[in-house]
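A look at the structure
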Amino acid sequence: MVNYKELICDILAETLTDMSREEIMGMIEIPTDEKMGDYAFPCFKLAKVLRKAPPLIAKDVAEQIKDNEIFEKVENVNAYVNMYISRANFVDGLVREVNEAGDNFGHSTIGEGKKVIVEFSSPNIAKPFHIGHIRSTVIGNSLYKIYDCLGYDTVRINHLGDYGTQFGKMISAYRRWGNREDVEREPIKTLLSYYTKFHEEAEKHPELEQEARDIFKRLEDGEPEEMELWQWFRDESLKEFTKVYKMLDIEFDSYAGESFYSDKMPRILDELNEKGLLEESRGAQIVDLEKYGMTPALVTKSDGSTLYITRDIAAAVYRKEHYDFYKNIYVVASQQNLHFQQWFKIVELLGYEWAKDCVHVPFGMVSLKDGTMSTRKGRVVFLEDVLNKAVDKTREIIEEKGVATENIDETAKQVGIGAVVFNELSNNRIKDYVFDWEKVLNFEGETGPYVQYTHARACSVLRKAGEEAVSKAEKLENFDPQVLTSDSAYELAKLIYKLPDVIVEAAGKYEPSVVTRHIVDIAQAFNRFYQHERILVEDEKELLSKLALVIAAKTAIKNGLALLGMHAPEKM
RNA sequence: GGGAGACUAGCUCAAUGGAUAGAGUCGCAGACUUCGAAUCUGUCGGUUGGGGGUUCGAAUCCCUCGUCUCUCACCA
């Protein structure tokens, strides 16, 4: 497929000899209104060099390039050169490209041979998977899909929160008030109740906190009794998490959590020591980062046990040596901005040049109407409940509509869970938001079900057209792009054309919502096309040409949804 | 108090320094005997938190003030 922007750049470069290709490329833009053309070139900046009024320059430029065959029309409006691409050629190229690429449309090889690690989800063991955890899980999974489709070699790591003082608390609580049968019957809920009780008691008896720290120290030292309990809690918790991951259709390449690095930390402490980065302060060991405008980083506690930051450094060093990553991405809440800045700086100070390849991808908080979510206070919305509710509602709608589907359960799952996932990926990551049942369960407008519905609608048209016609359309038999030059067909084609660039942009910004919004645009354009033009017409040339565009749209939507971790059912 | 981020239509959100700031939702008015109405069409809706500045041009860059969120030593 022709890269129109580059082509236009070449054409402009012939007339604008004073400017570099890069400069021209940076100035070519897509007008806000399609009535003003497909591409535009503002001439304000040329005024000084050419010593001429911008509108006059625009007029000259328009005059000089207007005869090029890729344009249907070139005109100047004030200081703008507005370029209208020849629609038939454009649509022809686009449809051929998409239909040939099929499921690979949007994919590329720009990442070939480069390894990208995405660390995401990373729930804390023995705590329920709540609506706050969905962000890292879903954003991370989508980033993995995006990098994967760009040809990068990807590794998904679930950095389980399976270590730390919290386990001291848990073990202490279990010994005081727990029993084995309850845990086995309902692990997470039971363990959580111990954890909650521990915090209640600790308020009255602060010495419990110290006891928890002591127990964690014993765990870190490998005392068998604590190790055994810890392992048991971990196994039970993982079983529960796996249930949720199955629902979301998410997998990991590694579950190496914090505990995995427990034996890799002494080395880091040694290195820090050798480089003279360690300082003792109030019995603890710190790295002073004042020079870099940050507060000191606590590396070991006064009892010698390690902290989160130490484990993250050890993990990064391990990952570099084990995977030799090109990029090491952490999808972790923005609450931890300082934490990441601190340890990225420490890794740099240790002399590791790859510190620059570590990326923190932060995201905003989820809160509830009555305040911040708090596991300790029991103020939570469980992710499993949200997913189940969405699936139930979807099933009701499907049954109500009576659209025949072979497998209602599976479709309800794909659409219901897809709705939650899509909702999660539709805004910029950094925004905080308040969880709202109504919003998650709304299936109209810019939602996942809307996009999936559009896909199903396209599939429905293709079914009605019949296998023979579809097969001909796929082979582009009797294909005539002139049929597809109406505004609605052309707008649809333009948006499909843009998808590959959008995917690259999403990867560069670590921002799946760019893809989400774009596939909404494609779906809207398809629905408009569908509304304005009859697809199943008598004339074979017209029919097959339109079917070819429908196939392209369907492919683009399906591939786009896949990047969000969503399915595209053919009936719903 | 220091640091970071957010602030755009009633609500939820878009907008590589460019043209008349766009969608969805809500409200109102329409379109199913026709390819799926989880759809489409129209309409209402704005001092882009306030104030300065830079620029031919600012929601976007700089300064300042305000509101909210997160964060700042033994949790993760």
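Read on for an overview of the structure. Everything quoted here is computed from the prediction, not taken from an experiment.

A few words on the overall build of chain A. For chain A, the count of helices and strands is 22 helices and 13 strands. In terms of principal-axis extent, the alpha carbons of chain A reach across some 80 × 65 × 40 Å. For chain A, contacts bridging at least 24 residues in sequence account for 74% of all contacts bridging at least 6. As presented, chain A carries roughly 26400 Å² of accessible surface, and 46% of it is formed by carbon and sulfur atoms. Here chain A carries 73 positive and 97 negative side-chain charges, and the mean point of each set is 3 Å from the other.

Attention shifts here to the sheet that holds strand β11 (residues 366-368). The mixed open sheet is built from 3 strands, whose spatial order is β12-β11-β13. Each of the sheet's edge strands pairs with one partner strand only, and the pair in question is β12 (371-372) and β13 (433-434). As paired elements, β11 and β13 share 2 bridges and run parallel to each other. For Ser367, the partnering residue across the bridge sits in β13 and is Val434.

The local shell around RNA strand B holds 71 residues, among which Tyr80, Glu258, Lys301, Lys401 and Tyr453 are the closest. Counting only the atoms of RNA strand B within 4 Å of the protein, the fraction contributed by sugar and phosphate is 59%. Glu446 places a polar side-chain atom, nitrogen or oxygen, 2.5 Å from a sugar or linking oxygen of RNA strand B. Measuring from a phosphate oxygen of RNA strand B, one finds a side-chain N or O atom of Arg528 at 3.0 Å. For the surface near RNA strand B, the secondary-structure elements that each account for two or more residues are β3 (80-85), β7 (284-287), α13 (308-323), α14 (337-349), α15 (383-401), α18 (448-465) and α21 (513-532). Examining the composition of the surface near RNA strand B, we find that 8 residues originate from one element, α18, more than from any other. In terms of residue class, the surface near RNA strand B is built from 30 nonpolar, 19 polar and 22 charged.

To continue, consider the pattern of salt bridges. By the definition in use, this model includes 42 salt bridges. The partner of Asp221 in a salt bridge is Lys217, and the shortest N-O contact between them spans 3.2 Å. In this structure Lys217 comes out as partly exposed when scored by relative accessible area, which is 25%. With a shortest N-O distance of 2.8 Å, Glu321 and Arg267 are connected by a salt bridge.

A few words on the packing of aromatic side chains. Applying the stated criterion across every chain yields a total of 32 aromatic pairs. The interplanar angle of 75° and the centroid separation of 6.0 Å between the aromatic rings of Tyr4 and Tyr497 together place this pair among those described as edge-to-face. Of this pair, Tyr4 sits in helix α1 (residues 4-15) while Tyr497 is found in helix α20 (residues 487-509), placing the two residues 493 residues apart along the sequence. The buried category is assigned to Tyr4, whose relative accessible area is 6%. When its relative accessible area of 15% is taken as the criterion, Tyr497 is described as buried. Between the aromatic rings of Phe129 and Tyr245, the centroid separation amounts to 5.6 Å while the plane-to-plane angle is 90°, which identifies the pairing as edge-to-face. With Phe129 in the loop between β4 (115-119) and α6 (134-149) and Tyr245 in helix α11 (residues 224-248), this residue pair connects regions lying 116 residues apart in the sequence. Comparing Phe129 with Tyr245, the two get one shared label, buried. Aromatic rings pair up to connect Phe120, Phe129, Phe241, Tyr245, Phe252 and Tyr255 into one cluster.

About the criteria used
Residues numbered from 1 in each chain as written. Chains lettered and ligands numbered in written order. Predicted model: local features only at pLDDT ≥ 70, side-chain atom pairs only at ≥ 80, totals over all residues. Heavy atoms only, no water. Helix = DSSP H or I, 4+ residues; strand = E, 2+ residues; numbered from the N terminus. Contact = heavy atoms within 4.5 Å. Areas by Shrake-Rupley, 256 points an atom, 1.4 Å probe, with all protein chains shown as cover. Lys, Arg positive; Asp, Glu negative; His and termini not counted. Charge placed at Lys NZ, Arg CZ, Asp CG, Glu CD. Pairing = 2+ DSSP bridges. Near = heavy atom within 4 Å. Polar contact = N/O pair within 3.5 Å; in protein donor to acceptor, adjacent residues only side chain to side chain. Nonpolar A, V, L, I, M, F, W, Y, C, P; charged D, E, K, R; others polar. Salt bridge = Lys/Arg side-chain N within 4 Å of Asp/Glu carboxyl O. Buried < 20%, exposed > 50% of the residue type's maximum accessible area, 1.4 Å probe, protein only. Phe/Tyr/Trp six-rings, centres within 6.5 Å; stacked < 30°, edge-to-face > 60°.

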